[in-house]
Amino acid sequence: MGELKNDRFLRALLREPVDMTPVWMMRQAGRYLPEYRDTRAKAGDFMSLCQNPDLACEVTIQPLERFALDAAILFSDILTIPDAMGLGLYFSEGEGPCFERPVQDEAAIELWAYLIQKMTWVMSWMRYVLFAGSWTDRFL
């Protein structure tokens, strides 16, 4: 990693003096940007946007190109985890996220508790998040 251009956010996290309060934009706020909507349309759907490291990096950086911000939050979503767990994530119009195979009983909970301890297989399905993070790092 090269020299940081702006370490205000990191210094504030370490409780070091900063010249002003750092500013960043959450991913949800970025979805109102026209360039975000264009990139999402290019991806086809929300999960495809999350699973494409190039596009996830692009939408992470977009607010920084428009505003004088001090940090970026990697574009991803909590739903990438149950999707990687094979729960059959899909989106229903007017209803939001749904699962084909929801966890509904104690046996399923015990199975997932065991599998989560073996997180390596989940991370192999979510490698796109790691790639998006490392690619975004090049722009920050």
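If you're wondering where the values come from, they're calculated on a predicted model, not measured in any experiment. (Residues numbered from 1 in each chain as written. Predicted model: local features only at pLDDT ≥ 70, side-chain atom pairs only at ≥ 80, totals over all residues. Heavy atoms only, no water.)

A.B. asks: Give a detailed account of the overall build of the protein, specifying residues and quantitative values.
C.D. replies: Within the protein, the regular secondary structure consists of 9 helices and 4 strands. In the protein, the order of α-helices and β-strands from amino to carboxyl end is α-β-α-α-α-α-β-α-β-β-α-α-α. Looking at the 140 residues of the protein, the share that counts as buried comes to 32%. When contacts within the protein are restricted to residue pairs at least 6 apart in sequence, those whose partners lie at least 24 apart make up 53%. When the accessible surface of the protein is split by element, carbon and sulfur atoms take 57% of a total near 9500 Å². (Helix = DSSP H or I, 4+ residues; strand = E, 2+ residues; numbered from the N terminus. Buried < 20%, exposed > 50% of the residue type's maximum accessible area, 1.4 Å probe, protein only. Contact = heavy atoms within 4.5 Å. Areas by Shrake-Rupley, 256 points an atom, 1.4 Å probe, with all protein chains shown as cover.)

A.B. asks: Residues and numbers for the pattern of salt bridges, please.
C.D. replies: This structure, assessed with the given rule, holds 6 salt bridges. Close ionic contact of aspartate 19 with arginine 8 constitutes a salt bridge, the shortest N to O distance being 2.7 Å. You can see aspartate 19 sitting in the loop between α1 (8-13) and β1 (24-25) and its partner arginine 8 sitting in helix α1, a full 11 residues away along the chain. With relative accessibility at 55%, the residue aspartate 19 sits in the exposed group. (Salt bridge = Lys/Arg side-chain N within 4 Å of Asp/Glu carboxyl O.)

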